Amino acid sequence: MSAPAHSRIPTPGDLARSQNARNATPAPAPVADPEHTRTPDTVLEETAGTPATAAGEEAAPPRPLYEPRTLTAKEAIAPGVLADTEVFRRTFRYALTTSTLPAHARLVAYDLLFRANFMSGRIGAQHQPDTERLAEATGLTEGQASVALQVLHTRGWLAYRPATTRPDGTNTRRLYDLVIPALDLERARARRYLRQQ
């Protein structure tokens with residue numbers, strides 16, 4: 001003997017559906033609009049004879065694409081000069097993202113970027129990390145952090161300040177600042193221009 005079938009308890013959704021069904025009215029038939037019944041061929045025929053600009057007006061010349069300057073090998077790794085409208089931190093991040101630096105060097109560069117001044121890239125003496133602090137912050141070994149600093153310096157992303165002599169005759173620790181190589185800056189500007197286009 002089978003169990004008796006229980007009727008399903010209605011839910012609020014069932015009630016809403018039944019009310020919508022009762023209140024539904026048939027949609028009015030669409031009115032034929034001659035503007036919307038034109039075929040693509042008709043539109044092409046109508047616009048074929050109309051000039052793109054009004055009479056007497058000249059078409060604006062196409063805007064030229066941004067062309068990076070041609071740089072010598074020495075100029076390519078020299079620090080690039082930012083325009084007045086460019087913020088160092090934003091430009092550095094964009095150029096770093098599109099660069100060919102190895103992953104460890106990028107990781108160290110990102111850590112240094114947030115220690116540096118966001119407008120100039122200068123890292124204050126109190127914010128200069130040694131390799132031990134860099135290794136702790138990035139998860140690298142001290143050796144990897146040291147190699148990453150060397151890669152950043154040789155590729156032109158890190159500029160060392162001249163060492164100064166203390167009154168007692170000892171030299172201060174060599175300090176460094178972040179810079180953007182001129183070649184990478186030109187490439188970043190070209191990519192940004194194309195994205196804006």
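Sequence order as written defines residue numbering, which begins from 1 separately in each chain. In view of the model being predicted, local features appear only for residues whose pLDDT reaches at least 70, and side-chain atom pairs are presented and counted only at 80 or more, with totals across whole chains, interfaces and linings using the full set of residues. To get the side-chain values, take all heavy atoms of the structure and skip hydrogens and water.

Undergrad: Is there a simple way to explain the packing of helix H5 (residues 103-113) against helix H7 (residues 142-154) in this structure?
TA: A pair of packed helices is captured by two measures, namely the crossing angle of their axes and the spacing between those axes. In this analysis, axes come from line fits to C-alpha atoms, helices being fitted only over the stretch in contact, and the angle between any two N-to-C directions falls in the range 0 to 180 degrees. Labels follow the DSSP assignment, with helices taken as runs of H or I lasting at least four residues and strands as runs of E lasting at least two, numbered in each case from the N terminus. Remark: H5 packs on H7, axes separated minimally by 8 Å, with the N-to-C direction vectors making an angle of 85°. In terms of their interaxial angle, H5 and H7 are classed as roughly perpendicular. Contacts from His104, Ala105, Val108, Ala109 and Leu112 of H5 reach H7 at Gln144, Ala145, Ala148, Leu149, Val151 and Leu152. Residue polarity follows a fixed list, in which Ala, Val, Leu, Ile, Met, Phe, Trp, Tyr, Cys and Pro are nonpolar, Asp, Glu, Lys and Arg are charged, and the others, Gly among them, are polar. Looking at the contact of H5 with H7 residue by residue, the class counts come to 9 nonpolar, 2 polar and no charged. Should an angle fall under 35 degrees it is taken as roughly parallel, and over 145 as roughly antiparallel, whereas 65 to 115 is taken as roughly perpendicular and any remaining angle as oblique. When checking whether two residues touch, look at their non-hydrogen atoms; a contact exists if any pair is within 4.5 Å.

Undergrad: Just to check I follow, could you spell out the pattern of salt bridges for this structure?
TA: Close approach of charged atoms lets side chains of opposite charge pair. The term salt bridge refers to a pairing of a side-chain nitrogen on Lys or Arg with a carboxyl oxygen on Asp or Glu at a separation within 4 Å. A complete count under the given rule lists 5 salt bridges for this structure. Residue Asp111 is joined to Arg115 by a salt bridge in which the shortest nitrogen-to-oxygen separation is 2.8 Å. Each residue is assigned to one of three classes by its accessible area relative to the maximum for its type, calculated with a 1.4 Å probe on protein chains only: buried under 20%, partly exposed between the two thresholds, exposed over 50%. Asp111 sits in the buried class, given a relative accessible area of 17%.

Undergrad: Would you explain a negative patch on the surface in this entry?
TA: Patch membership requires more than 30% relative accessible area and the absence of a salt bridge. Residues of like charge join within 9 Å; the nonpolar side chains Val, Leu, Ile, Met, Phe, Trp and Tyr join within 5 Å. Computed with a 1.4 Å probe, the accessible areas rest on the Shrake-Rupley method; for each residue, only the protein chains presented here act as cover. As used throughout, the charge tally considers Lys and Arg to be positive and Asp and Glu to be negative, leaving His and the chain termini uncounted. The atoms used to mark charge sites are NZ of Lys, CZ of Arg, CG of Asp and CD of Glu. On the surface, a cluster of negative charge is contributed by Asp130, Glu132, Glu136 and Glu142. Along the chain, the position of Glu142 falls in helix H7. When its relative accessible area of 44% is taken as the criterion, Glu142 is described as partly exposed.

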